[in-house]
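# Summary of structural features
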Amino acid sequence: MTSAQLFYVLITILILNFIVDKILSTLNSNRFDDVIPPELEDVYEKEDYEKSQAYKKTNAKFSTITGLFSLLLTLSFFFFDGFKYVDEIARNFTKNSILITLIFFGIILIGSDLINIPFSIYKTFVIEEQFGFNKTTKKTFIFDKLKGLVMTVVVGGGLLALIVWFYEFAGSTFWVYAWVVIAAFSVFMNMFYSKLIVPLFNKQKPLEAGALKTAIQDYAKTVGFKLDNIFVIDGSKRSTKANAYFSGFGKQKRITLYDTLIHDLETDEIVAVLAHEVGHYKRKHIVFNLSSSILLTGFTLWLLSLFVSLPIFSEALGVNIPSFHIGLIAFGILYSPISQVTGLFMNIMSRKFEYQADNYAKETFSAKPLVSSLKKLSKNSLSNLTPHAAYVFMHYSHPTLLERVKNLLE
Ligand SMILES: [Zn+2]
């Protein structure tokens, strides 16, 4: 293959990704006005349902525009030798290859972040605002952006610098070192994310003693689940949407409940949501997800090691000096069809796990409060009651509300 051919392969992949995505989302949008299944008739009041349909249509339009914009931006970067220019800028600063890589990705990431800010402002302060979800103040928005940027620079930059350093001294076996570091980092983050990262963005405090805490602890006792860490997080600072999640292992394991969840759900509904989360833990889904993502990372890094140093990658992007960062860009695009497939398998597994966790909650607690909590949560996030099957198959990490309700009530 010549570098010119590779260039067009990359372009084709970018365009095909966009088209496939567009077809799926169009199929999905065409179902927005479908008749609501009888099992879900009580989720929305008529007026709220119309609002949810308007919300979905607005979001679909918005994501078409942003998707098209970012495709055009990427393509013009390709056709006008954008990578070559950024590479030259980075090389003007320094001869150190680690720094070159950091500057290169720094310019690309910060540049695309800046370009995306107007879209992000529009999404938060116009769309989410218009539908009554947004609680983010301008100050929170700006600080979120800045904190996110600092995190990316420190964590992402640190990991990237390490990987390039491995590549320098170990050549094509760098992937083994990189894998060990990334795997250790994932496990560490899984354990300490709630303690280290969440406090940067939110306040969390232990759940106060009371009827809810007693109900949660009573349930935990019946299934022999040791649960000392139940935290409430101020999700209401940003959005009215509600959530609950589980993190960590062993002594570090904790349940985090959004204050919005406590506000919107009855006690037995919250316990049911929690029973579902305990189900994930008991059925070893958390360990499975973490280990499969570590294995997948290893596979990806190994593939990367086979291709990253090929000069044709740099030539295809118009850059004369082959380098790790240019190889990484070309590889990232070539890999995207593979990651579509692995993502699909992960979604299939994830949907299976959701049924298992629902069944666990049904067996150890009760199905009814879980059904009503799922309905309330779907209503609060104006979620889609009539998605297209193909869209669900590709994109959904959870079964549809209808599928979950049917499974719980059977
Ligand atoms: Zn779940």
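Residues numbered from 1 in each chain as written. Predicted model: local features only at pLDDT ≥ 70, side-chain atom pairs only at ≥ 80, totals over all residues. Heavy atoms only, no water.

## Examining helix α13 (residues 324-364)
This is how the line gets drawn: Put simply, DSSP H or I for four residues or longer makes a helix, DSSP E for two residues or longer makes a strand, and each gets a number counted from the N terminus. For a helix, the expected span equals 1.5 Å multiplied by the number of residues minus one. By definition, a residue's bend is the angle between the axes fitted to the seven residues ending there and the seven starting there.
The end-to-end C-alpha distance of α13 is 52 Å, clearly below the 60 Å that 41 residues give at a rise of 1.5 Å each. The sharpest bend along α13 comes to roughly 45°, located at Ser336, with the proline Pro337 sitting one to four residues further on.

## Some words on the nonpolar core
We apply this condition: Side-chain atoms within 4.5 Å link the members of a nonpolar core, which is a set of buried Ala, Val, Leu, Ile, Met, Phe, Trp, Tyr and Cys residues. Think of it in three bands: residues with accessible area under 20% of the maximum for their type are buried, residues over 50% are exposed, and the middle band is partly exposed, with areas taken using a 1.4 Å probe on protein chains only.
One finds Leu40, Ile216, Leu227, Leu257 and Leu385 to be the most contacted residues of the largest nonpolar core, which totals 51 residues. Per element, the largest residue contribution to this core is seven residues, and it comes from helix α10 (residues 267-282). Counting residues in each nonpolar core, the second largest holds 43 residues, with Leu6, Leu71, Val308 and Ile329 among its members.

## Considering the coordination of the zinc ion
Coordination angles at a metal have ideal targets, namely 109.5 degrees for four tetrahedral donors and 90 or 180 degrees for six octahedral donors. We count it as follows: Sodium, potassium and calcium take a 3.2 Å donor cutoff, other metals 2.8 Å, and in both cases only N, O and S atoms count; water is not among them, so sites may look incomplete. By the criteria applied here, four donors are tetrahedral when all angles lie between 85 and 135 degrees, four are square planar and six octahedral when opposite donors are over 155 degrees apart and every other angle lies between 65 and 115, and any other arrangement is irregular.
Around the zinc ion, the donor atoms from the protein are His276 (NE2), His280 (NE2), Glu354 (OE) and Glu354 (OE), and they sit 2.1 to 2.6 Å away. The site at the zinc ion holds four donor atoms, and with the angles between them running 53 to 136°, its shape is irregular. Here the donor residues of the zinc ion are spaced in sequence according to H-x3-H-x73-E. Taken together, the positions of His276 and His280, both in helix α10 and four residues apart, correspond to about one turn of that helix. A relative accessible area of 10% means that His280 is categorised as buried.

## A word on the side chain of Ser52
The following threshold applies: Contacts between residues were defined by any pair of non-hydrogen atoms, one from each residue, lying within 4.5 Å.
Along the chain, Ser52 turns up in helix α2 (residues 46-79). In this structure, Ser52 is in contact with Tyr44 and Leu382, ignoring residues within four places of it in sequence.

## Focus on the packing of aromatic side chains
Two aromatic rings, taken as a pair, are described by how far apart their centres are and by the angle between their planes. Heads up, the rule is: Two aromatic rings, drawn from Phe, Tyr or Trp (for Trp, its six-membered ring), form a pair once their centres lie within 6.5 Å of each other, and the interplanar angle then sorts them: stacked below 30 degrees, edge-to-face above 60, tilted otherwise.
Summed over the entire model, instances satisfying the criterion amount to 34 aromatic pairs. Both rings, one in Phe62 and one in Tyr122, keep their centres 5.7 Å apart while their planes meet at 25°; by these two values the pair is stacked. With a gap of 60 residues between them, Phe62 in helix α2 and Tyr122 in helix α4 (residues 97-130) connect regions that are remote in the sequence. Take Tyr122: its relative accessible area is 40%, and that puts it in the partly exposed class.

## What to know about unusual backbone geometry
For Lys284, which is not a glycine, the phi torsion comes out positive at approximately 65°. The exposed category is assigned to Lys284, whose relative accessible area is 55%. Backbone geometry places Leu382, a non-glycine residue, at a positive phi of 50°. Assessed through its relative accessible area of 6%, Leu382 is described here as buried.

## Notes on the sheet that holds strand β1 (residues 204-206)
Adjacent strands of a sheet form backbone hydrogen bonds with each other and so pair up, either parallel or antiparallel. Applied cut-off: Pairing between strands is defined by DSSP: at least two bridges between them are needed. Axis lines are fitted through C-alpha atoms, for helices just across the contact stretch, and the angle between N-to-C directions can take any value from 0 to 180 degrees.
Strand order in the open sheet made by the four strands is β1-β2-β4-β3, with mixed pairing throughout. This sheet does not close on itself; its edge strands, each paired only once, are β1 and β3 (244-247). When the angles between neighbouring strand axes are averaged without regard to direction, this sheet yields 30°. Sheet topology note: the β3/strand β4 (residues 254-258) ladder contains four bridges and is antiparallel. Residue pairing for β4: Phe246 is matched across the bridge by Ile255. In the packing of helix α6 (residues 174-196) onto the sheet, contacts are made with β1, β3 and β4, and the angle to β3 comes to roughly 125°. Against the sheet, α10 makes contact with β3 and β4, and its axis sits at roughly 30° relative to β3, the strand it touches most.

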